[in-house]
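Here are the chains, one letter per residue:
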Amino acid sequence: DLDGTTREGLGQRMPGMLSHLDRHQWTKHGTCSGTDVATYFGHAMALLDQLNGSAVRELFESNIGRRLRAIQVRHAFDRDFGAGAGERVRLVCDDQGLIAELRIGLKGAIGPGDALGELIRAAPARSVGCRGGWVDAVGRAR
């Protein structure tokens with residue numbers, strides 16, 4: 001069960017709550033975090049807010065309806081989160097060629113006020129995944 005504040009915050013940031021993505025994330029990732037559900041999602045929302053305040057969001061917003069290459073995404077991460085951050089990001093594309101997910105490697109204990117860039121750069125490098133794909137608006141397919 002989520003308290004009202006956490007539910008409202010997630011509702012603004014996670015459109016997938018409509019299909020219970022929050023339950024999946026808690027079961028798969030949160031239950032081993034060593035925190036309660038409100039703390040886990042509070043930390044996750046704080047990190048997401050850092051991502052959404054970055055060049056990465058601007059890159060995606062300015063390319064809705066267009067293709068992005070993985071190298072562009074990785075460069076945006078390097079610009080805002082430090083050299084090498086982009087090497088810790090993997091693009092996942094669906095069978096229609098849409099960018100469906102960014103898998104961002106993080107390493108370290110996550111707490112209030114943590115800098116996203118430090119957590120990213122501490123993680124091991126990852127393969128790029130798909131080399132690029134289409135960007136669609138939230139909830140729409142091209």
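The structure contained in this document is the topic of the report that follows.

The rules we used
Residues numbered from 1 in each chain as written. Predicted model: local features only at pLDDT ≥ 70, side-chain atom pairs only at ≥ 80, totals over all residues. Heavy atoms only, no water. Phe/Tyr/Trp six-rings, centres within 6.5 Å; stacked < 30°, edge-to-face > 60°. Helix = DSSP H or I, 4+ residues; strand = E, 2+ residues; numbered from the N terminus. Buried < 20%, exposed > 50% of the residue type's maximum accessible area, 1.4 Å probe, protein only.

### Looking at the packing of aromatic side chains
Where two aromatic rings form a pair, the distance of their centres and the angle of their planes describe that pair.
Stage number 1. Taken as a whole and assessed by the stated rule, the structure comprises three aromatic pairs.
Stage number 2. Taking 5.7 Å as the distance between ring centres and 65° as the angle between the ring planes, the aromatic pair formed by tryptophan 26 and tyrosine 40 counts as edge-to-face. Taken together, the residues tryptophan 26 in helix α2 (residues 21-28) and tyrosine 40 in helix α3 (residues 37-52) connect sequence positions 14 residues apart.
Stage number 3. Owing to a relative accessible area of 22%, tryptophan 26 belongs among the partly exposed residues under this scheme.
Stage number 4. The class of tyrosine 40 is buried, set by a relative accessible area of 17%.
Stage number 5. Both rings, one in phenylalanine 77 and one in phenylalanine 81, keep their centres 5.7 Å apart while their planes meet at 40°; by these two values the pair is tilted. Of this pair, phenylalanine 77 and phenylalanine 81 both sit in helix α5 (residues 70-81), four residues apart, roughly one helical turn. The burial state of phenylalanine 77 is the same as that of phenylalanine 81; both residues are buried.
Stage number 6. What links up through ring pairs into an aromatic cluster is the set Trp26, Tyr40 and Phe41.

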